[in-house]
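Listed below, chain by chain, are the residues.
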Amino acid sequence: MLPHFNQVLFSGVSGKKGMQLACLFDHICAVATLILVLVFYWAVVVLQKRFSGHLLYKEHKPLETAWTVLPMLLLIWIALPSLYLLYSHDETPKKVFTTVKVIGHQWYWEYEYSTWEIFKGEAFSFDSFMVQDPDLKYGSPRLLTVDKPLVLPYKVPVRILTTSADVIHSWTLPSLGVKADALPGRMNQLILCSLKPGISWGMCSEICGDAHAYMPIEVEFISPEDFIKWSQEAAEKIG
Ligand SMILES: [Cu+2]
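Residues numbered from 1 in each chain as written. Predicted model: local features only at pLDDT ≥ 70, side-chain atom pairs only at ≥ 80, totals over all residues. Heavy atoms only, no water.

**Overview of the packing of helix α1 (residues 16–48) against helix α2 (residues 61–88)**
Phase 1 of the analysis: Between α1 and α2, whose axes approach to 11 Å, the crossing angle comes to 170°. The orientation of α1 with respect to α2, classified from their angle, is roughly antiparallel. Contacts between α1 and α2 pair Q20, L21, L24, H27, I28, V31, L34 and I35 from the former with L74, W77, I78, P81, S82, Y84 and L85 from the latter. (Axes fitted to C-alpha atoms, helices over the stretch in contact; angles between N-to-C directions. Helix = DSSP H or I, 4+ residues; strand = E, 2+ residues; numbered from the N terminus. Parallel < 35°, antiparallel > 145°, perpendicular 65-115°, else oblique. Contact = heavy atoms within 4.5 Å.)

Next up, the structure:
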């Protein structure tokens, strides 16, 4: 799930949306490669027949129809799955396990556990700051580790509401295929569902000022049972 040096393709995905986006990327790459190969082949053929084959291009109705219709079909072939993902990723399930409000600040994230769909819990919130280099533990990724990660349950849908206290930020988790702008005075919603436990990393994806690069997102996914226990303990400790 952690990107590595010289990485070309996607880092590991841990959610359905992330998988779908990776598949769409592969699909579009395959179509683009097909077009590249065809155009290159055609260019070679045309250049080789520069002097002998030009009669072929004076008028050729079926060929002209083909090179109008074919690109259109290729575009539809790319657009349909893309539109499907665009709208299906916006859908909200009838029930979510919990809702967390994410508030962007210059330059850290605040997480507010305020409403509870499954159980009654006390509202509490905490700030999540990046760990500076001298305090970094061996093995923790630099510029991505935070002092208090957001804790969420896996295997169940979770609603994230994003907003901001100052300028526009953007809360992003690439491995789950989610990204939402955090706008002052407005609330954005996204649904995420991790299919495996573990840690996912992300970064603020909107240039938000001086320390824009130093407000990473670290999310720890634990089992729903552990999450209930954790949140009750956290509510007592913080709330
Ligand atoms: Cu930001």
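And the narrative resumes.
**Observations regarding the environment of V102**
Phase 1 of the analysis: Relative to the elements of secondary structure, V102 occurs in strand β1 (residues 98–105).
Phase 2 of the analysis: When its relative accessible area of 0% is taken as the criterion, V102 is described as buried.
Phase 3 of the analysis: Sequence separation between V102 and M19 is 83 residues, and the spatial gap between their C-alpha atoms is 24 Å.
Phase 4 of the analysis: Apart from the residues lying within four places of it in its own chain, the contact partners of V102 are W109, E110, Y111, I160, L161, T162, T163 and W171. (Buried < 20%, exposed > 50% of the residue type's maximum accessible area, 1.4 Å probe, protein only.)

**What about the sheet that holds strand β9 (residues 198–203)?**
Phase 1 of the analysis: Read from one edge to the other, the open sheet built from 3 strands follows the order β4-β10-β9, with strand pairing classed as mixed. Edge strands, defined here as strands with exactly one partner in the open sheet, are β4 (150–153) and β9. Ignoring which end each strand starts from, the neighbouring axes of this sheet average 30° apart.
Phase 2 of the analysis: Sheet analysis places β4 next to strand β10 (residues 216–222), joined by 4 bridges and oriented parallel. Directly across from L152, in β10, lies its bridge partner F221.
Phase 3 of the analysis: Strand contacts of helix α3 (residues 224–237): β4 and β10, with the helix running at about 140° to β4, the strand carrying the most contacts. (Pairing = 2+ DSSP bridges.)

**Examining the coordination of the copper ion**
Phase 1 of the analysis: Coordination sphere of the copper ion, protein contribution only: H169 (ND1), C204 (SG), C208 (SG) and M215 (SD), at 2.1 to 2.7 Å.
Phase 2 of the analysis: Coordination at the copper ion comes from 4 donor atoms whose angles at the metal span 91 to 128°, giving a geometry best classed as tetrahedral.
Phase 3 of the analysis: For the copper ion, the single-chain donor residues occur in sequence as H-x34-C-x3-C-x6-M. With C204 in the loop between β9 and β10 and M215 in the loop between β9 and β10, this residue pair connects regions lying 11 residues apart in the sequence. In this pair, the class of C204 matches that of M215, namely buried. (Donors = N, O, S within 2.8 Å, 3.2 Å for Na, K, Ca; no water. Tetrahedral: all angles 85-135°; square planar, octahedral: opposite > 155°, others 65-115°.)

**Considerations on the nonpolar core**
Phase 1 of the analysis: Core analysis: the biggest nonpolar cluster contains 33 residues, and Y111, I160, W171 and L192 have the highest contact counts within it.
Phase 2 of the analysis: Counting residues per element, this core draws most heavily on β10, which supplies 4 residues. (Core = buried A, V, L, I, M, F, W, Y, C linked by side-chain atoms within 4.5 Å.)

**Focus on α1**
Phase 1 of the analysis: End to end, α1 covers 48 Å across 33 residues, agreeing with the expected 48 Å (1.5 Å per residue, within 8%).
Phase 2 of the analysis: Considered for burial, the residues of α1 that qualify are K17, G18, A22, L24, V31 and V45.
Phase 3 of the analysis: In the core, the buried residues of α1 are packed alongside α2, β7 (178–182) and β8 (188–192). (Expected span 1.5 Å × (residues − 1).)

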